[in-house]
Amino acid sequence: MSNTSSAARTIQALDGAEVIDRFLRPQATETPLIRLGDFGDGGYLVPDDLRGIAACYSPGVSEQATFEMDLAKRGIMSFMADASVETPPLDVPGAQFVPKFLGNKDKGNTMTLETWVRDTDPAPGEDLLLQMDIEGAEYTTLAAAPRDLLRRFRMIVIEWHHLPSVLSKPRFLGPALEVVEKLRDDFVTVHLHPNNVSGSVEIDGEAIPRVVEATLLRRDRASGVRPMLAQDLPHPLDRRHNPRRPWLPVPGRWLGAAE
């Protein structure tokens, strides 16, 4: 059974949608990708450029912490946050956990990324890693984060949600565009993997995944940048979230040069 919605949609605000498209286009670099975490949900591909990263900030722990466990084996501590669970699913050595959500304000059980890093920063000025899966709150959270803080993250591993709506509905496009405009001068997408559990929606005759995993690399660490081709994806280390469902291909609009 297909998990692609047949509801017809068309692209709105073409210029803004094109900015999103270009930012999502994965680019190969001279640094190979490695996999951290499970070979399934909870595992992500990152450039093999972890030396010197002081810590990982990981909001949206839920029931997965194998990514953080693999970082601990490499000597990188993790700060984890999620108000939907009382404790992390694994006892990750050296990790700290706070039962809070991330958002655009400090209120109740929600905190900003800026506050979290300010209160816990183990090595001010050194590079960090951000691994974020917060179910759509990534847009408001990152929009509220100062650009100088975002530049401290050598890598950002993120799940982008609601992408068909981002491309076809102005009220979703605006917040996403604000984030991409903030990130695109400093980061390049080096890996993109559609989530085959969430399915896709047809827009202008092309299946657009509802959710994708993306790995962003700060541009000063990216050398030999070149566009990935359709035959480069999925990466050999990629795994389907649901092995009983087919792969979701990366749409053609997300392939090619990013600039």
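> Is there a simple way to explain the packing of aromatic side chains in this structure?
In this description, an aromatic ring pair is defined by two values, namely the gap between the centres and the angle between the planes. Across all of its chains, the model carries four aromatic pairs by this definition. Ring centres of Tyr57 and Phe79 lie 4.8 Å apart, and the angle between their planes is 15 degrees; this geometry places the pair in the stacked category. Of the two residues, Tyr57 sits in strand E5 (residues 55-59) while Phe79 sits in strand E6 (residues 77-81), which places them 22 residues apart along the sequence. In terms of burial, Tyr57 and Phe79 fall into one category: buried. When the ring of Tyr139 is compared with that of Trp160, the centres are 5.6 Å apart and the planes differ by 20 degrees; the resulting orientation is stacked. Separated by 21 residues along the polypeptide, Tyr139 in helix H4 (residues 138-144) and Trp160 in strand E11 (residues 153-160) bring together distant segments of the chain. The lysine or arginine in question, Arg35, covers the ring of Phe39, its NZ or CZ lying 5.2 Å from the ring centre.

> Explain the sheet that holds strand E15 (residues 212-218) here, please?
Within a sheet, each strand pairs with its neighbour through backbone hydrogen bonds, oriented either parallel or antiparallel. Strand order across the open sheet formed by seven strands is E7-E6-E5-E10-E11-E15-E12, with mixed pairing between neighbours. Of all the strands in the sheet, the pair left with one neighbour each is strand E7 (96-98) and strand E12 (187-194). The average undirected angle you get between the axes of adjacent strands in this sheet is 15 degrees. Set on the sheet, helix H3 (residues 113-120) makes contact with E5, E6, E7, strand E10 (128-132) and E11; between it and E5 the angle comes to about 140 degrees.

> So what exactly am I meant to see when it comes to the environment of Val212 here?
Position of Val212 among the secondary structure elements: in strand E15. The buried category is assigned to Val212, whose relative accessible area is 0%. For the pair Val212 and Leu248, spaced 36 residues apart in sequence, the C-alpha to C-alpha distance is 9.8 Å. For Val212, the contacting residues outside a window of four places in its chain are Ile158, Glu159, Trp160, Leu163, Leu192, His193, Pro194, Asn195 and Trp254.

> Sorry, what's going on with helix H2 (residues 66-73) here?
Within the span of H2, buried status applies to Thr66, Phe67, Glu68 and Leu71. Buried residues along H2 sit against strand E3 (33-36), strand E4 (44-47), E5, E6, E10 and E11. Just downstream of H2, Gly75 is the residue with a positive phi angle, here 85 degrees.

> Mind showing me how you'd approach the environment of Met69 here?
For Met69, the position within the fold is in helix H2. Separated by 86 residues in sequence, Met69 and Met155 place their C-alpha atoms 17 Å apart. Leaving out residues up to four positions away in the same chain, Met69 has contacts with Leu90, Asp91, Val92 and Pro93.

> When you look at the side chain of Asp49 in this model, what are you seeing that I'm missing?
Mapped onto the elements, Asp49 comes out in the loop between E4 and E5. Since its relative accessible area comes to 14%, Asp49 is described here as buried. Setting aside residues no more than four positions away along its own chain, Asp49 makes contact with Thr31, Arg154, Met155 and Arg221.

So, how was this worked out
- Residues numbered from 1 in each chain as written.
- Predicted model: local features only at pLDDT ≥ 70, side-chain atom pairs only at ≥ 80, totals over all residues.
- Heavy atoms only, no water.
- Phe/Tyr/Trp six-rings, centres within 6.5 Å; stacked < 30°, edge-to-face > 60°.
- Helix = DSSP H or I, 4+ residues; strand = E, 2+ residues; numbered from the N terminus.
- Buried < 20%, exposed > 50% of the residue type's maximum accessible area, 1.4 Å probe, protein only.
- Lys NZ or Arg CZ within 6 Å of the ring centre and 35° of its normal.
- Pairing = 2+ DSSP bridges.
- Axes fitted to C-alpha atoms, helices over the stretch in contact; angles between N-to-C directions.
- Contact = heavy atoms within 4.5 Å.

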